[in-house]
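# Structural features, examined
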Amino acid sequence: MPMKKMIKDSLKMLMQEGILPKLYKYYENKTEIEKGRVLFADSNHKGLSKEMKAIYMALKKRGYKTEVYSGDIRKMDPATVFRFMKTFMKKYARAEYVFISNYFVPVSACDKREGTKVIQLWHAAGALKKMGFDAEDDIAKYYKGNPAKNFDLVTVSSDYCRQFFKSAFKLTDKEVKATGIARTDEYFSKRQNDKKIENFYFRYPQAKGKKICLYAPSFSGNASAPECKGLDAGIIETMNKLKDEWFFLVSLHPHLRKLYPEYNMDISTEDMFPVCNLLITDYSSVVFDYSLYKKSMLFFVPDLKEYEEQRGFYNSIETFPGKIVKNSDDLYDILISGEWKCDEDELKCFKDKYMAACDGHASIRILKEAGLLKEEENGKEFY
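Residues numbered from 1 in each chain as written. Predicted model: local features only at pLDDT ≥ 70, side-chain atom pairs only at ≥ 80, totals over all residues. Heavy atoms only, no water.

## Here we look at the overall build of the protein
Which entries qualify depends on this criterion: Strands are runs of DSSP state E lasting at least two residues, helices are runs of H or I lasting at least four, and both sets are numbered from the N terminus onward. Burial classes: relative accessible area under 20% of the type maximum marks a residue as buried, over 50% as exposed, and values in between as partly exposed (1.4 Å probe, protein chains only). All accessible-area figures derive from a Shrake-Rupley calculation using a 1.4 Å probe, and residue coverage is judged against the displayed protein chains alone.
The helix and strand inventory of the protein stands at twelve helices and eleven strands. Classification of the 383 residues of the protein by burial places 54% in the buried group. Approximately 17,800 Å² of the protein is accessible, and the part contributed by carbon and sulfur atoms is 49%.

Okay, structure coming up:
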């Protein structure tokens, strides 16, 4: 276990077990829950995450008192981190609903008062690599406390995937629901897709007339010491050999962007789905979102055996549509020969298994499940 992660976890435990519960109790005794107040909280980046956008828009239209409280604690000094979490606990004590989309230490660092609901819009769809309590790189055995404490609802992409989230977070059927993933609703909007296609070709006019390939890898190791084995295994050189026929783009996981700043993009990964002919990834859950477009995928995994031993999978990529490729020479041959194309029936089965609850109406179901929507509003579109 890297020393950096151990230090980071120790600070989390100090806050979660010692300081934050006392702050919450103090604010709980001084305030009452404000009916209709909805708090969107994130400690990984500034502003609304894409998981929260549709929910936020729907609630704001319906007159709820919505507030976004976010920041990237990785860019904060310790004093600023403390102030950020202290302010959150004050807001937490007043909120009727709290939405998060990743681990968020302050949410679980207290005995939440009755009348406040926490909804976890987990950022990853499907179920591929192990996470939470099932992965030592995620939640170490020495870690005290439960990062999933106080979750009233965890939204997942299909009924099949519920079992893995229950295991990862030590939750039950009561909390983990196959509502679908809110951000996927816009994938079903022709207007949104047309807009993304237009924006893509405005940004990349040189891509016209070529096949579009998006390389969107996850990272190996843990968040404290991330790596991208695919970039180090010759994929860029292979792409450059085929640039007359293909237009290639690289969209990295946020943890990798500092390591490889030359690949930072001004278009999000999801916004490129409508134009892609092929997605190349490794162990990223982006493959599940992409499957809703029923397009070809391929897995470039030079470190497959190592990754499986260190992190492990809930479901093997060997059962997924798409070729598994371990070196750049084989990748070149597959792209040249046309063997990168997936069977349509296999793509449909994959989508139906892992993304069955994502049909353009996930946000409606989430809000109904949370108690934020009237029955007669079922079926209304957000996009």
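## Considerations on the nonpolar core
Just so we agree on the cut-off: Nonpolar core, defined: a set of buried Ala, Val, Leu, Ile, Met, Phe, Trp, Tyr and Cys residues in which side-chain atoms within 4.5 Å join the residues together. What makes two residues a contact is simply this: any of their non-hydrogen atoms within 4.5 Å.
Ranked by size, the top nonpolar core spans 79 residues in total, and within it F88, M89, Y92, V98, V107, F200 and F288 carry the most contacts. Here the element with the most residues in this core is helix α3 (residues 78-94); it accounts for seven residues. Beyond its immediate stretch of four places on either side in the chain, Y92 contacts Y24, L39, V98, P106, V107, C110, K112, T116, V118 and N150. L278, L331, L335 and W340 belong to the second largest nonpolar core, which has 20 residues in total.

## Overview of the pattern of salt bridges
Counted only if it meets this: Whenever Lys or Arg places a side-chain nitrogen within 4 Å of a carboxyl oxygen from Asp or Glu, that contact is recorded as a salt bridge.
In this structure the tally under the stated criterion is 25 salt bridges. Note that D352 and K348 form a salt bridge whose closest N and O atoms lie 2.7 Å from each other. Note that D352 and K348 are positioned in helix α11 (residues 344-354) at a spacing of four residues, about one turn of the helix. A cluster of three or more residues bridged by salt bridges with shared partners is formed by E34, R37, K65, E67, K91 and R94.

## Digging into the packing of helix α2 (residues 50-61) against helix α12 (residues 362-370)
Here is the rule: Axes here refer to lines fitted to C-alpha atoms; in helices the fit is confined to the stretch in contact. Angles between the N-to-C directions go from 0 to 180 degrees. By definition in this entry, angles of less than 35 degrees are roughly parallel, angles greater than 145 are roughly antiparallel, angles of 65 to 115 are roughly perpendicular, and the rest are oblique. It is the rotation of the near helix from the far one that decides the hand of a crossing: anticlockwise by less than a right angle makes it left-handed, clockwise makes it right-handed. Gly is placed with the polar residues, together with every amino acid not listed as nonpolar (Ala, Val, Leu, Ile, Met, Phe, Trp, Tyr, Cys and Pro) or charged (Asp, Glu, Lys and Arg).
Contact geometry of α2 with α12 gives a least axis separation of 10 Å together with a crossing angle of 65°. By the angle between their axes, α2 is roughly perpendicular relative to α12. When you trace α2 past α12, the crossing you get is right-handed. For the pair formed by α2 and α12, the contact residues are A54, I55, A58 and L59 on the first element and S363, I366 and L367 on the second. Looking at the contact of α2 with α12 residue by residue, the class counts come to six nonpolar, one polar and no charged.

## Thoughts on unusual backbone geometry
Here the phi dihedral of N150 falls at roughly 80°; this positive angle occurs in a residue that is not glycine. Examined against the element boundaries, N150 turns out to sit in the loop between β4 (117-120) and β5 (153-155). For K170, which is not a glycine, the phi torsion comes out positive at approximately 55°. Mapped onto the elements, K170 comes out in the loop between α5 (162-169) and β6 (176-177). Judged by its relative accessible area of 57%, K170 falls in the exposed class.

## Quick look at the sheet that holds β6
The test is simple: The pairing criterion is simple: DSSP has to find at least two bridges between the two strands.
An order of β2-β1-β3-β4-β5-β6 is seen for the six strands of this open sheet, with the pairing classed as parallel. Looking at which strands have only one partner, the edges of the open sheet turn out to be β2 (65-70) and β6. Sheet topology note: the strand β3 (residues 97-100)/β4 ladder contains four bridges and is parallel. Paired with V98 across the strands is V118, a residue of β4.

## Overview of the sheet that holds strand β9 (residues 278-281)
On the basis of which strands lie adjacent, the open sheet formed by five strands has the order β8-β7-β9-β10-β11 and parallel pairing. Two strands bound the open sheet, and with one partner strand each, they are β8 (246-250) and β11 (324-325). Helix α10 (residues 328-337) rests against β8, β9, β10 (296-300) and β11 of the sheet, and its axis sits at about 165° to β10.

## Focus: the environment of L39
Relative to the helices and strands, L39 resides in strand β1 (residues 37-42). Taking relative accessible area as the criterion, L39 reaches 2% and is therefore assigned buried. Dropping the residues within four chain positions of it, L39 is found in contact with E67, Y69, F88, K91, Y92, A95, Y97, V98 and F99.

## Considerations on the packing of aromatic side chains
Our working definition: When two rings of Phe, Tyr or Trp (its six-membered ring) have centres within 6.5 Å they constitute a pair, described as stacked for plane angles under 30 degrees, edge-to-face for angles over 60, and tilted for the intermediate range. Distance and angle both matter: a charge sits over a ring if NZ of Lys or CZ of Arg is within 6 Å of the ring centre and within 35 degrees of the ring normal.
Taken as a whole, this structure holds 36 aromatic pairs when the rule is applied. Seen from their ring centres, Y26 and Y27 are 5.2 Å apart, and the 70° between their planes marks the pair as edge-to-face. By relative accessible area, Y26 is classed as partly exposed at 45%. According to the relative accessible area criterion, Y27 is buried, its value standing at 11%. Aromatic pair F288 and F320: ring centres 5.8 Å apart, planes at 70°, arrangement edge-to-face. Taken together, the positions of F288 in helix α8 (residues 286-291) and F320 in the loop between α9 (304-310) and β11 put the pair 32 residues apart, joining distant regions of the chain. Of the two residues, F288 and F320, both sit in the buried class. Site record: aromatic cluster; members linked through ring pairs are Y160, F164, F288, F299, Y314, F320, F350 and Y354. Across from the ring centre of F133, 4.3 Å away, lies the NZ or CZ of K170, which sits over that ring. Lying over the aromatic face of Y332, K241 brings its terminal NZ or CZ to 5.6 Å of the ring centre.

Nothing here speaks to function; it is all geometry.
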